[in-house]
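Architecture and fold: a report
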Amino acid sequence: MRRHHDDEVHELEIHEHDRGLSYDLPVLARRRMIRLMAGVGAGLVPLVGCTADDTSSPSASAAGSAGSASSAECVTVPEETAGPYPGDGSNGVNVLKESGVVRADITRSFGDSAGGTAEGVPLTLTLTVVDAASGCGTPKRGAAVYVWHCDREGGYSLYTEGVTDENYLRGVQETDDRGRVTFTSVFPGCYTGRWPHIHFEVYGSLADATTATAITSTSQLALPKDVCDTVYATEGYESSVDNLGRLSLESDSVFRDGHDQQLAAVKGSVAQGYTATLTIAV
């Protein structure tokens, strides 16, 4: 059973997850060096979110397709830190080169891992990648998206004590004709110092992703509070209740500078599971 830390230890070890850009500059510097060595050279391409013209709540429903984004306004989403646990080779472990990482169901570990399964409320995540140059109207077919997030106890596979032999809650997919990737996962917990979130990297192709080169953009997806409150009232998420109670999107080290374009549309229930969607443009 994983060891639980008290609040004081959590406060001292916030760095074991991610504390925002200022903390992760050394990590980002290493990432830039890796990209330069891979021949990328150029700066990161801004990530752009497409928000629908209607005024519906972000947690009410998702955009139906990339086509619906053609009438939307493209709004730049901040480039965010990948945190210290990306698993993309820029900070130790490189899971992207392992056979089996290209998959839709990321709840289970794969390959030579311990073979565990992440427990929690079911979550289906769909990201739609579109072309910013076309005003978000053209799907980016053949791009690739790598997603990763913590488990319901706040731990990251490959790095956190107790799950270093696991590689669950990490996976890559190639976008389809509609620019979409869909992952089967579980709702992430809330650990000390960070709002509930999901990390993702966008690559120009699946080949780029699986060789861990030429990252196009890196960002994070935020989850709405009302859904988090509901999920965290269920078994297994007990520590998330207190952690979330100390936070807000406005005070979070990553989302406080503009979370509107990073807040996923989420719907569903604990019994049936949730769906989370976000449209991004590169």
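So, a few notes on the structure that sits alongside this text. (Residues numbered from 1 in each chain as written. Predicted model: local features only at pLDDT ≥ 70, side-chain atom pairs only at ≥ 80, totals over all residues. Heavy atoms only, no water.)

**What to know about unusual backbone geometry**
The residue Leu169 is not glycine, and still its phi comes out positive at about 60°. In this structure, Leu169 sits in the loop between strand S5 (144-148) and strand S6 (170-174). The phi dihedral of Ala214 falls on the positive side, at around 55°, and the residue is not glycine. Assignment of secondary structure puts Ala214 in the loop between helix H3 (206-210) and strand S9 (215-222). (Helix = DSSP H or I, 4+ residues; strand = E, 2+ residues; numbered from the N terminus.)

**Observations regarding the nonpolar core**
Counting residues in each nonpolar core, the largest one holds 37 residues, and the members touching the most others are Leu127, Val147, Phe187, Phe200, Leu221, Val231 and Tyr232. For this core, the secondary structure elements donating two or more residues are strand S3 (122-131), S5, strand S7 (180-186), strand S8 (197-203), S9, helix H4 (225-231) and strand S11 (273-281). Grouped together as the second largest cluster of nonpolar side chains are 19 residues, Trp148, Val172, Tyr203 and Ile215 included. (Core = buried A, V, L, I, M, F, W, Y, C linked by side-chain atoms within 4.5 Å. Buried < 20%, exposed > 50% of the residue type's maximum accessible area, 1.4 Å probe, protein only.)

**Regarding the pairing of S7**
S7 sits mainly inside the fold: five of its seven residues count as buried. When S3 meets S7, the two strands line up antiparallel, connected through seven bridges. Residue pairing across strands places Leu123 opposite Ser185, the latter belonging to S7. (Pairing = 2+ DSSP bridges.)

**Overview of the pairing of S5**
Counting buried positions along S5 gives five out of five residues, so the element sits mostly inside the fold. Alternating positions in S5 separate into two faces, Ala144, Tyr146 and Trp148 on one and Val145 and Val147 on the other, with burial throughout. By the bridge criterion, five bridges tie S5 to S6 in an arrangement that is antiparallel. Looking across to S6, one finds that Val147 is bridged to Gly171.

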